[in-house]
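Here is how the chains run, residue by residue.
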Amino acid sequence: MVLTASAHAQAYFSFFQLRELVPQTQSLQPAFIPSNTFTFALPGANVGASLQADFKLEDLLSKPDGSIDFAIDFDVLLAAAKETNQMNLDVTSHLLHMGLKTKKGGYSLFANVRANVDLQYGRDLMEFLANGNSNRIGETLDFSGTRIQATAYHEIGLGYTRKFLGERLIVGGRVKQVTGLFHGSLREDAQGTITTDALDYSWTIGVQNGTANTAGLDLLINESDYPDNALQDYLVSNENSTLAFDIGAKFKIFDWLKVEGAINDIGTITWKEQPRNYNTEDREVTFSGVQLRGLENSGDGFQDSIESKFYSNETQLTFETTLPTRSYWAATAILGKRNRFTAMAFTRTIFGDTKFSYAGAYNHDVKYFTFGLVGSLRDGSEFNLGANIASDIGPVQLYLAMDNALVLNRPERFSKLDFRFGLNLMFGYKRWKVKSEVVDLDEL
């Protein structure tokens, strides 16, 4: 099983630069053709993780005077918050990857389980979490920019890459059956506000389009309410299936200059099985308080009072979500046989907003290895310095890639943490090399 994770514009720039040497990079650029005749990803031998958001660890934690423990501090987070903030998490478990290289291109077979979590929030939400309404008496707190979407699904597919015009043009594509497992999201145009009266401090709460869509969560949470093996059967196969695509191409302009592009995860999921829609009536109500005297649990009294003013219902209507489409664009200059310079751009669209990241990379090949450095800039803000290395000796391949290696020194000062390392079996590596480049394993 290969496990990878990333957040906020999951660029994987450093991993992308391992290119044809590491077969799993085809998930970023389908036009990559692995260097070996046959490749196989060992289950459980490839692991990766990353986390990135619009705040740093030092923006989230504080240590109160006289205490030795850190605590989550929303006041610190509020001070670092922008008008609109995002946190995006992507997790992929590669259950299977096999690749076969031919004279004209190559084939691949893969199976993955994936999950994406996207969160968007504004300063008003941070203000409310940090100080309640105390700093906004006579004003309105607007939570309408808050968005959340979480999706888990599995995919199984085939990839094919083909050379044209000799080897000047390489085109690749992957088709995959995507089956949705679990989902939870707020309706994109959901709106919510709280206005505090300056005279009597009463709250006026407004809600519009307050719908939360879920799928599969009721089966997961209330598994005992369903027949035996219902959850297992649902995870293997259900009606939330669709087809999705990855496409990519590379073109050699000159012997020393190549350009390329790739668009991944093109498709949508229609949630037909296990949908649940939790709807709140559009309404604006004034809340003057609740009588807590005599109540054993004041929290229950407050909740009951709020719920009595809003009418809600539950439906089971199908709904559709879009896969988190990602794109890569790159130009590579090759100087000599062993030096490669690349300029890259990455985009990802979520909640109708397209995020951009840029990178410059250098890789150098030595006799048995390739290694490189990557400098990337996310959304015009934080700079990250990454590194990668991979072996090229076969039949066992080791690799490591990080988009932010500096986090190893002072993790609290960065908003991104990521790494990928793994082990693959590579066969037929001598077949595709000229005699002078073949590695003699007896000499190692």
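Below is a short write-up of the structure.

Conventions used here
- Residues numbered from 1 in each chain as written.
- Predicted model: local features only at pLDDT ≥ 70, side-chain atom pairs only at ≥ 80, totals over all residues.
- Heavy atoms only, no water.
- Helix = DSSP H or I, 4+ residues; strand = E, 2+ residues; numbered from the N terminus.
- Buried < 20%, exposed > 50% of the residue type's maximum accessible area, 1.4 Å probe, protein only.
- Contact = heavy atoms within 4.5 Å.
- Areas by Shrake-Rupley, 256 points an atom, 1.4 Å probe, with all protein chains shown as cover.
- Phe/Tyr/Trp six-rings, centres within 6.5 Å; stacked < 30°, edge-to-face > 60°.
- Lys NZ or Arg CZ within 6 Å of the ring centre and 35° of its normal.
- Pairing = 2+ DSSP bridges.
- Axes fitted to C-alpha atoms, helices over the stretch in contact; angles between N-to-C directions.
- Polar contact = N/O pair within 3.5 Å; in protein donor to acceptor, adjacent residues only side chain to side chain.

Observations regarding the overall build of the chain
Here is step 1 of the chain: A count of helical and extended segments in the chain gives 6 helices and 27 strands.
Here is step 2 of the chain: Taking all 444 residues of the chain together, the buried fraction comes to 46%.
Here is step 3 of the chain: Across the chain, every contact between residues at least 6 apart in sequence was considered, and the portion connecting residues at least 24 apart equals 68%.
Here is step 4 of the chain: A total of about 21,900 Å² of accessible surface is found on the chain, and carbon and sulfur atoms cover 59% of it.

Comments concerning the packing of aromatic side chains
Any aromatic ring pair is given by two values, namely how distant the centres are and how the planes are angled relative to each other.
Here is step 1 of the chain: One pass over the structure, following the stated rule, counts 14 aromatic pairs.
Here is step 2 of the chain: Ring centres 5.9 Å apart and planes at 40° place the aromatic pair F15 and Y399 in the tilted group. Taken together, the positions of F15 in helix α1 (residues 13-16) and Y399 in strand β26 (residues 396-402) put the pair 384 residues apart, joining distant regions of the chain. We note that F15, like Y399, is buried.
Here is step 3 of the chain: A connected cluster of aromatic rings, assembled from ring pairs, spans F16, F32, Y328 and F346.
Here is step 4 of the chain: Above the face of the F164 ring, R162 is positioned so that its terminal group lies 5.7 Å from the ring centre.
Here is step 5 of the chain: Here the basic side chain of R420 rests over the ring of F15, its NZ or CZ set 4.1 Å away from the ring centre.

Observations regarding unusual backbone geometry
Here is step 1 of the chain: Of note in the backbone geometry, L165 takes a positive phi value of approximately 55° without being a glycine.
Here is step 2 of the chain: By the secondary structure assignment, L165 is in the loop between β9 (147-164) and β10 (169-186).
Here is step 3 of the chain: Classification of L165 by relative accessible area gives exposed; the value is 59%.
Here is step 4 of the chain: Phi angles above zero are rare outside glycine, and Y201 is one such case at about 60°.
Here is step 5 of the chain: Mapping Y201 onto the fold places it in the loop between β11 (191-196) and β12 (203-208).
Here is step 6 of the chain: What makes Y201 exposed here is its relative accessible area of 52%.

Side note on the sheet that holds β11
Here is step 1 of the chain: What the 4 strands build is an open sheet, ordered β8-β11-β12-β18; its pairing is antiparallel. The open sheet has two free edges, formed respectively by β8 (140-142) and β18 (283-287), since each of these has just one partner strand. Each neighbouring strand pair of the sheet contributes to a mean axis angle of 15°, computed without reference to strand direction.
Here is step 2 of the chain: Where β8 lies against β11, 3 bridges are found, and the strand directions are antiparallel. Paired with L141 across the bridge in β11 is I194.
Here is step 3 of the chain: Sitting on the sheet, helix α3 (residues 123-131) is in contact with β8, β11 and β12, with an inclination near 115° to β8.

A closer look at the side chain of D124
Here is step 1 of the chain: You can see D124 is positioned in helix α3.
Here is step 2 of the chain: Under the relative-accessibility criterion, D124 is labelled buried at 18%.
Here is step 3 of the chain: At a separation of 2.8 Å, a polar atom in the side chain of D124 contacts the main-chain amide nitrogen of D142.
Here is step 4 of the chain: Not counting chain neighbours up to four residues away, the residues in contact with D124 comprise R136, T140, L141, D142 and F143.

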